[in-house]
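# Notes for the structure review
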Amino acid sequence: MTADSEVPPVVEMRGITIEFPGVKALEGVDFTLRAGEVHSLMGENGAGKSTLIKALTGVYTIASGTIAVSGVERTFRGTADAQAAGISTVYQEVNLCGNLSVGENIMLGHESRVAGRIDWRSTHREAARHLENLGVQIDTRSLLSSHSIALQQLVAISRAMVTDSKVLVLDEPTSSLDRSEVEQLFGVMRDLRDRGVAILFVTHFLDQVYEISDRLTVLRNGKLVAEHPVSEVPRAELISLMIGRELDELQALSRASVRTVDRTDAPVLSATQLGRKGSLNPVDVDVYEGEVIGIAGLLGSGRTELARLLYGADRADTGRLEMHGRPARITTPRNAIDNRIAFSSEDRRAEGIIGDLTVAENIVLGLQAKRGWLRKVRNPERVVAEYMDALGVTPADPHRLIRELSGGNQQKVLLARWLATAPQLIILDEPTRGIDIGAKADIQRKVAELSNAGLSVVFISSELEEVLRISQRVVVMRDRHKIGELASNDIEVADLVDFIAHDTIKKPESVA
Amino acid sequence: MTTSLSPTRTSGLAFARRFISRRISWVPVFAAVFILVVMFVAAQAYFGNFLTPRVISSLLLDNAYLLILAVGMTFVILTGGIDLSVGAVMAFTGMLGASLLRDGLPVALVIPIMLVVGAAMGLGVGVLVQYFGVQPFIASLAAMFAARGLAFMVSLSSIKVEDKAILWLQSTRLQAAPGSWSITPTGILALLTVVVAALVLAYTRFGRTIYAVGGNEQSAKLMGLPVVRTKLLAYVISGVCAGLAGVAFTAYTGASYPLNGIGTELDTIAAVVIGGTLLTGGSGYVLGSMVGVFVYGTIKSAISFLGAEQSWTRITIGALLLVFVVVQRIIVARSRRR
Ligand SMILES: Nc1ncnc2c1ncn2[C@@H]1O[C@H](COP(=O)(O)OP(=O)(O)OP(=O)(O)O)[C@@H](O)[C@H]1O
Ligand SMILES: [Mg+2]
């Protein structure tokens, strides 16, 4: 379904340059979007994808260049303006209001009204209908902030579907969705495409790019590198277009999971029948020294809930915890930190980034909190440099304000903050969300390296490949239950998918 | 395939949980109502003659101006701002109105002028905040000094109001029977303000945008909502309410004095916060602010029943405020913990 080049472009951006103090985020970029195509915008973290999108919708003013929509030159003054011209946008970070209900977040600005008065009943009905298109059924009158990030992402997408647009812009909409949600979204996207809507899609998942898109544009360091029909660019070539070099290191990163863990000592953290009414049914988990435990399961299966209970972010009402064989009381995050347990949550924007501090300050923050506010952290520069380098934070300037970094790079900084506190156990909830393929490998490598040196890790991710590659054992969750535990070296992704769905591994031989 | 993330069992517990998950933002208002009831019961037990129709009616009638101010303040605080100018603007519009009436302007012209002047002062604060990036605290502080100065420029001493229409607002008592429930036009005016504001906040796009802006301004902007216009309008509404309070207060005292309403802005903020509106914005209700005003009024009445110094009102309000802010912090922290 390659778009015909005879079709006039819906959006035509020419020579777009955007400058921020000290950086040229975009330099003379051309971008063309045609009706009835899904067009992927590709590039590493910080390549300028989100910036290009914000240039299109008028959130950023362009220093030079032109934007034409359906052949007419336009300058938008913001999202509302762009929307009036038929461009709906879902920005990268979830940009909704947690203090309002789910339904309101979807319909805000488009509520159904009777004589100027909002008709809440039909507004919520409408909102529920849009959510249902994405396969979500929830109480639209519940508060947005009471839902997981994945759900919030679905709400943000639903919001973009409310108006009939000719252009739909989706900046990393799938970063925290699991397979079935992504399928549902793709179904909707295909449907819209067939009705002639032009879709601009950003993701770091290459599989998704090949599955859904017709054409792709690659950016690198703010410059246009290439524009091709997807069918003409093989995967390896796409990667080298994005990162500007061959990626043999990535292939070289074998399964870190193939490693034996010494389980003779008592586990670093052992949870027995840990549970909380309404959020998680009692679960047993042991984490040994130097071990990486993966947690797999679909959205809402209780992965994050388990992590929060282990860390004391929520209070468990059943079960007990032991550390190194001795009973431990972890009912608040403070207790956890005192026991050298760190937790990098999935909602990094709400719980992590302090936008007006520099990268270095954001990293040192964790160390500082641990040492107490009055004692100076020794040698912060060295720690900062070590982790910025290990995780490949770009631009590699510790004194830049963190809010000026691209989404993916902010994530890396937050990860660095937790790793820098030298915990004995770290819980990582979706640590590679929104991170590009090269950096993902960097993070996986760093986690493997630290666990080799004795760090215990609880690793939660929707990407099953990643879970299998990095962890020695995988705890599988479904419907807020633990349904099993698998040793990861003798299973493949397909087996894990099977297990999540059916509790059993259907090996071909066992079927025969 | 469908995803349902909330428990689908419809047991009583699930129902209760759903009710709470929908109404969590009303909890501080319920807390304020609870405190009000406790105060009523305690005062009745202590004085024996506190809960009479007369005393209860006067809670509204004596604090009508404060109620009007609190309504305007609620809009501003909901957006995450603050307006320190309301007391001074009330005094200034009151002085202006009284002097214009003395100069023989018809009341039908004077009241609109007072409202427009209030609106203009509010707009000034809004423009400073929105276009010059001044902190709301500072911008409204500047407006407070300006308005107070202007009030003195009108006259250094009190101006008596003889206009029949204005006096009618306060002197007319609609009463069931002597000594029983009563209400004045000012009281009705204040209640109307509350009703209109509550409807605007709950049922108009503008009202919902106020909440969105207070919840997350950045998001509201990226959602394509008219953030600038909404914030400006919130300050304008606060200004108009200050003008209206100027009318009500002038009617109440029968005169205008340039030193009227000193410290009233703080009473207003206290009432709004006690009524459950979060100072950080995005959560709160006008009805809550009304309860907050009644709490304030009850404390004042109880203290005059005791015959104690009125300065105790401020002390009690201060203590209550502290309790409320702490309660709010706890509620916010709880809801974060999901
Ligand atoms: N407000 C800002 N001020 C200064 N620099 C910025 C600002 N926003 C973005 N940048 C810089 O512009 C560059 C491009 O950022 P952008 O967010 O567009 O990247 P991206 O391709 O979307 O990356 P990611 O995949 O991580 O989301 C980065 O180097 C970033 O640091
Ligand atoms: Mg981005």
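Notes on the structure in this doc start here. (Residues numbered from 1 in each chain as written. Chains lettered and ligands numbered in written order. Predicted model: local features only at pLDDT ≥ 70, side-chain atom pairs only at ≥ 80, totals over all residues. Heavy atoms only, no water.)

### With respect to the overall build of chain B
Tallying secondary structure elements over chain B gives 15 helices and four strands in all. Relative to the 2.2 N^0.38 estimate, which gives 20 Å for 338 residues, the radius of gyration of chain B is 21 Å and therefore close to what a compact globule would have. Projecting the C-alpha coordinates of chain B onto the three principal axes gives extents of approximately 75 × 55 × 35 Å. At a minimum sequence separation of 6, the contacts of chain B that also span at least 24 residues come to 76%. A total of about 15100 Å² of accessible surface is found on chain B, and carbon and sulfur atoms cover 70% of it. A gap of 21 Å separates the mean positions of the 23 positive and 9 negative side-chain charges of chain B. (Helix = DSSP H or I, 4+ residues; strand = E, 2+ residues; numbered from the N terminus. Rg over C-alpha atoms; globule rule 2.2 N^0.38 Å. Contact = heavy atoms within 4.5 Å. Areas by Shrake-Rupley, 256 points an atom, 1.4 Å probe, with all protein chains shown as cover. Lys, Arg positive; Asp, Glu negative; His and termini not counted. Charge placed at Lys NZ, Arg CZ, Asp CG, Glu CD.)

### Notes on a nonpolar patch on the surface
Residue and element names in this part refer to chain B. Residues Leu128, Tyr131, Phe132 and Val228 make up a contiguous nonpolar surface patch of roughly 400 Å² in combined accessible area. Within the secondary structure layout, Phe132 lies in the loop between helix H6 (107–131) and helix H7 (136–154). Given the relative accessible area of 59%, Phe132 is considered exposed. (Patch = residues over 30% accessible without salt bridge, like charges linked within 9 Å, V, L, I, M, F, W, Y side chains within 5 Å. Salt bridge = Lys/Arg side-chain N within 4 Å of Asp/Glu carboxyl O. Buried < 20%, exposed > 50% of the residue type's maximum accessible area, 1.4 Å probe, protein only.)

### With respect to the site of ligand 1
Residues and elements named next belong to chain A. Looking at ligand 1, there are 21 residues lining it, with Ser50, Thr51, Glu404, Ser406 and Gly408 nearest. At a separation of 2.8 Å, an oxygen atom of ligand 1 approaches a polar backbone atom of Gly46. In the model, an oxygen atom of ligand 1 is placed 3.2 Å from a nitrogen or oxygen of the Ala47 main chain. For ligand 1, the protein covers 91% of the area, taking 640 Å² as the surface of the free molecule. When contributions to the shell around ligand 1 are tallied by element, the ones reaching two or more residues are strand S2 (23–34), helix H1 (49–56) and helix H15 (407–420). Here the residues of the shell around ligand 1 are counted per class, giving seven nonpolar, ten polar and four charged. Taken domain by domain, the makeup of the shell around ligand 1 includes at least three residues from each of domain 1 (9–243) and domain 3 (355–422). (Near = heavy atom within 4 Å. Polar contact = N/O pair within 3.5 Å; in protein donor to acceptor, adjacent residues only side chain to side chain. Nonpolar A, V, L, I, M, F, W, Y, C, P; charged D, E, K, R; others polar. Domains from an automatic or database assignment.)

### Some details on unusual backbone geometry
Residues and elements named next belong to chain A. A cis geometry characterises the amide bond from Thr394 onward to Pro395, with omega recorded as -5°. Assignment of secondary structure puts Pro395 in the loop between helix H14 (380–391) and H15. Residues other than glycine seldom take positive phi values, yet Ser70 does so here, at roughly 50°. Looking at the secondary structure, you find Ser70 in the loop between strand S4 (64–69) and strand S5 (72–73). Overall, the relative accessible area of 41% leaves Ser70 in the partly exposed class. Of note in this structure, Arg480 is not a glycine but carries a positive phi near 65°. Its location among the elements puts Arg480 in the loop between strand S21 (473–478) and strand S22 (481–487). With a relative accessible area of 19%, Arg480 lands in the buried category.

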